[in-house]
Amino acid sequence: MNILHIADSIAIGGGPSGYLFNLKKELGVDSSHNIRIEEIPFLNSRKPLYLKLLKSLSKRNLLPKFIQKIVIKKNLRFQVFKKLDFKNVDINFEDYPIVVAHSILIAYGLKEHLGTNQKLFIFQHSPTDFITEKLSIFKDDKVIDELYEELAIAEIGVFQQANGLILPCINAVDSYFVKSKNLRKEFEKLLDKFKVIELPTGVPKPVVNLDYNEELTQIKSLKEGGKIVVGYFGRYHQHKGFDIFINLAERFKNNSNYIFISAGFGSDYKKCTQENYYNLGMLDKLIDLPNAIHLCDCVCIPNRFTFFDLIALEVMALGRAILTSDTGGNKYLKQFSKGILALPLSDLDKHMYQAINARTVHDFSKLGALNLEAYSNNFTIDHFVQNHKNLVNRV
């Protein structure tokens, strides 16, 4: 049975693009499979200039409430009801009994092209439902609350048209539709009714080359001087918990035994003035990022909500301890290793402070070794590819 995977782009990075890039790269040298991976972009229709201007004014609360609602709805309709561009795509969909859409928007765009005998599975990659994610850029909570339910019902309607979901673990969708009890119940009914397939992911082992840039050389020198290095790697956003990491660093500002490093980008960046914190900015993912993780004794992944954070697998692959929130995919990961300390989200920086303060470099080293073992036994790129080859027997 042939399986077709579709995203709107395939490239190095995170989300569906990076996920399918890794899969396609590994399958490229192997002909013993029935998996096809294709990129179908959205039609490049330009958003009207007036809509861009109104959106900007709306985000800054410079419009009356009723106009804000109209602007937000028009912007979301523009994004949700995009058409896929099949112009340069040579696919006979009838050859593929199973089609996997790697976003809710792809699923919406594909449905009219599939026959009645074909099954459509949705593989989301976002930490929350699409509408929540899109509405988060607008500041007026009252306007958002009024719009949310109406728009989220439309999103659930797309899920209802599918035959099932593919997820790295069932906990990955814990944060979907939680803004509405009624919609969350509807979504949970779908999960009970659907064929939900848990398909654990995997990552290539990052390569540490020890060719440190100037900043990492400074961190290396401090580590060799006996400092414990605590890291954060990802977007500087609230849902990723970057502010929780900064609060954690501030708890240690009078303790010279610890240093905190972060690498990433984002609108929630908060400058710290204490000497124990180093912002490394954006790092090369293939060279400097593995080196930075390798210098850490432990890595914090303080998500407020999450789907399945691949940085956790990269940290495990490099044999480093993990402190994380007990949310989403983290709940699934913690069962594989005692080197993953999944802590309560409430007062997370306090719990992380206590966990770090109670452990030595040697303690963290032992936890990291457990994580490396768990990665090697469950989450390598070979495991990832084999899980996809086995998918045909599960759908």
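Okay, so let's go over this structure. Everything numeric here is computed off the predicted structure, so don't read it as measured data.

### Re the packing of aromatic side chains
Inspection of the entire model under this criterion finds 18 aromatic pairs. Taking 5.0 Å as the distance between ring centres and 75 degrees as the angle between the ring planes, the aromatic pair formed by phenylalanine 336 and phenylalanine 379 counts as edge-to-face. Note that phenylalanine 336 is positioned in the loop between helix 12 (328-333) and strand 12 (340-343) and phenylalanine 379 in the loop between helix 14 (361-378) and helix 15 (381-389), a separation of 43 residues in sequence. On the basis of relative accessible area, phenylalanine 336 is assigned to the partly exposed category, the value being 27%. Residue classification places phenylalanine 379 among the buried positions, given a relative accessible area of 1%. A connected cluster of aromatic rings, assembled from ring pairs, spans Tyr232, Tyr236, Phe242, Phe245, Phe252, Tyr258, Phe260 and Tyr353. Between lysine 179 and the ring centre of tyrosine 148, over which it is positioned, the NZ or CZ distance is 5.5 Å. Against the face of tyrosine 353 rests arginine 251, its NZ or CZ located 6.0 Å from the ring centre.

### Focus on the pattern of salt bridges
With the rule as written, the count across this model stands at 10 salt bridges. Close ionic contact of glutamate 186 with lysine 189 constitutes a salt bridge, the shortest N to O distance being 3.5 Å. Here glutamate 186 and its partner lysine 189 are both found in helix 7 (residues 181-193), 3 residues apart, which amounts to about one turn of the helix. Here glutamate 224 ties to lysine 220 by a salt bridge, and the two come within 2.7 Å at their closest N and O atoms. Taken as a pair, glutamate 224 and lysine 220 lie in helix 8 (residues 214-224) at a separation of 4 residues, close to a single helical turn.

### Looking at the side chain of asparagine 276
Examined against the element boundaries, asparagine 276 turns out to sit in the loop between strand 8 (258-263) and strand 9 (277-279). Here phenylalanine 252 takes part through its backbone oxygen, which lies 3.4 Å from a polar atom of the side chain of asparagine 276. In this structure asparagine 276 touches Ala249, Phe252, Lys253, Tyr258, Ile259 and Phe260, once residues within four positions along its chain are discounted.

### Points about the packing of helix 8 against helix 10 (residues 288-295)
Between helix 8 and helix 10, the least distance of the axes is 10 Å, while the angle of their chain directions is 15 degrees. On the basis of their axis angle, the class for helix 8 and helix 10 is roughly parallel. Considering the relative orientation of helix 8 and helix 10, their crossing is left-handed. Where helix 8 abuts helix 10, its residues Leu216, Ile219, Lys220 and Lys223 lie against Asp288, Asn291, Ala292 and Leu295. In the contact of helix 8 with helix 10, the residues fall into 4 nonpolar, 1 polar and 3 charged.

### Looking at the nonpolar core
Counting 100 residues, the largest nonpolar core has Leu110, Phe159, Phe177, Phe233 and Met316 as the members making the most contacts within it. In terms of nonpolar packing, the next biggest core, distinct from the first, is built from 27 residues, Tyr236, Leu248, Cys272 and Leu367 among them.

### Considerations on the pairing of strand 5 (residues 164-167)
Of the two faces of strand 5, the one carrying Gly164 and Ile166 and the one carrying Leu165 and Leu167 are both buried. Note: strand 4 (residues 119-122) against strand 5, 2 bridges, orientation parallel. Bridging across to strand 5, phenylalanine 121 finds its partner in glycine 164. One ladder, built from 4 bridges, connects strand 5 with strand 6 (residues 195-198); its direction is parallel. Paired with glycine 164 across the two strands is lysine 195, which belongs to strand 6. Taken together, strand 5, helix 7 and strand 6 constitute a β-α-β crossover, and its handedness is right-handed.

### A closer look at helix 11 (residues 310-317)
Because each turn of an α-helix spans 3.6 residues, side chains separated by three or four positions in sequence point in the same direction. Counting buried residues along helix 11, 6 of its 8 residues qualify, which places the element largely inside the surrounding structure. Within helix 11, the full set of buried residues consists of Ile311, Ala312, Leu313, Val315, Met316 and Ala317. The positive-phi residue at the C-terminal boundary of helix 11 is glycine 319, with phi of around 70 degrees.

### Some thoughts on the state of the cysteines
In this structure the tally under the stated criterion is 0 disulfides. For cysteine 296, which is in no disulfide, the shortest distance to another cysteine sulfur is to cysteine 298 and amounts to 7.4 Å. Residue class for cysteine 296 comes out buried when judged on its relative accessible area of 1%. Here cysteine 298 is not disulfide-linked; the sulfur of cysteine 300 is the nearest cysteine sulfur, at 5.2 Å.

### Looking at the sheet that holds strand 8
Ordered by their spatial adjacency, 6 strands build an open sheet running 9-8-7-10-11-12, and the pairing between neighbours is parallel. Every other strand in the sheet has two partners, leaving strand 9 and strand 12 as the edge strands with one partner each. The mean inter-strand angle of the sheet, taken between neighbouring strand axes irrespective of direction, is 20 degrees. Direction of pairing for strand 11 (residues 321-325) relative to strand 12: parallel, over a ladder of 4 bridges. Each bridged residue has a counterpart across the sheet, and for serine 325 the counterpart in strand 12 is leucine 343. Each of strand 7 (228-233), strand 8, strand 9 and strand 10 (298-301) touches helix 9 (residues 242-251); the most contacted strand, strand 8, lies at about 160 degrees to it. Against the sheet, helix 10 touches strand 7, strand 8 and strand 10, its axis set at about 140 degrees to strand 7.

What counts and what doesn't
- Position numbers for residues count from 1 along each chain, tracking the sequence in the order it is written.
- pLDDT decides what is reported in this predicted model: residues at 70 or higher carry local features, side-chain atom pairs at 80 or more are listed and counted, and totals for whole chains, interfaces and linings draw on all residues regardless.
- As a convention, hydrogens and water are excluded, and side-chain values are obtained from all of the structure's heavy atoms.
- Pairing of aromatic rings covers Phe, Tyr and the six-membered ring of Trp, with a centre-to-centre limit of 6.5 Å; geometry is then stacked below 30 degrees between planes, edge-to-face above 60, and tilted otherwise.
- Per the convention used, a helix needs a DSSP run of H or I reaching at least four residues, while a strand needs a run of E reaching at least two, with both numbered from the N terminus.
- Burial classes: relative accessible area under 20% of the type maximum marks a residue as buried, over 50% as exposed, and values in between as partly exposed (1.4 Å probe, protein chains only).
- Note on geometry: a ring has a charge over it if NZ (lysine) or CZ (arginine) is within 6 Å of the ring centre and within 35 degrees of the ring normal.
- By definition, a salt bridge exists where a carboxyl oxygen of Asp or Glu is found within 4 Å of a side-chain nitrogen of Lys or Arg.
- In protein, a polar contact requires one atom able to donate a hydrogen and another able to accept it; more generally it is a pair of N or O atoms within 3.5 Å, and residues adjacent in sequence count only if both atoms are side-chain atoms.
- Only heavy atoms enter the contact rule, under which two residues are in contact if any of them lie within 4.5 Å.
- Between N-to-C directions, angles span 0 to 180 degrees; the directions come from axes that are lines fitted to C-alpha atoms, helices contributing only their stretch in contact.
- By definition in this entry, angles of less than 35 degrees are roughly parallel, angles greater than 145 are roughly antiparallel, angles of 65 to 115 are roughly perpendicular, and the rest are oblique.
- Whether a crossing is left-handed or right-handed is set by the direction in which the near helix is turned from the far one by less than a right angle, anticlockwise for left-handed and clockwise for right-handed.
- In this count, Pro and Cys sit with the nonpolar residues alongside Ala, Val, Leu, Ile, Met, Phe, Trp and Tyr, while Asp, Glu, Lys and Arg are called charged and the others, Gly among them, polar.
- Here, the term nonpolar core denotes a set of buried Ala, Val, Leu, Ile, Met, Phe, Trp, Tyr and Cys residues that are joined through side-chain atoms within 4.5 Å.
- Only strands joined by at least two bridges in the DSSP assignment are considered to pair.
- A clockwise course of the path from the first strand over the helix to the second, judged with the strands pointing away from the viewer, identifies a crossover as right-handed.
- Pairs of cysteine sulfur atoms within 2.5 Å are identified as disulfides in what follows.

These results come straight from atomic positions and should not be treated as a statement about function.
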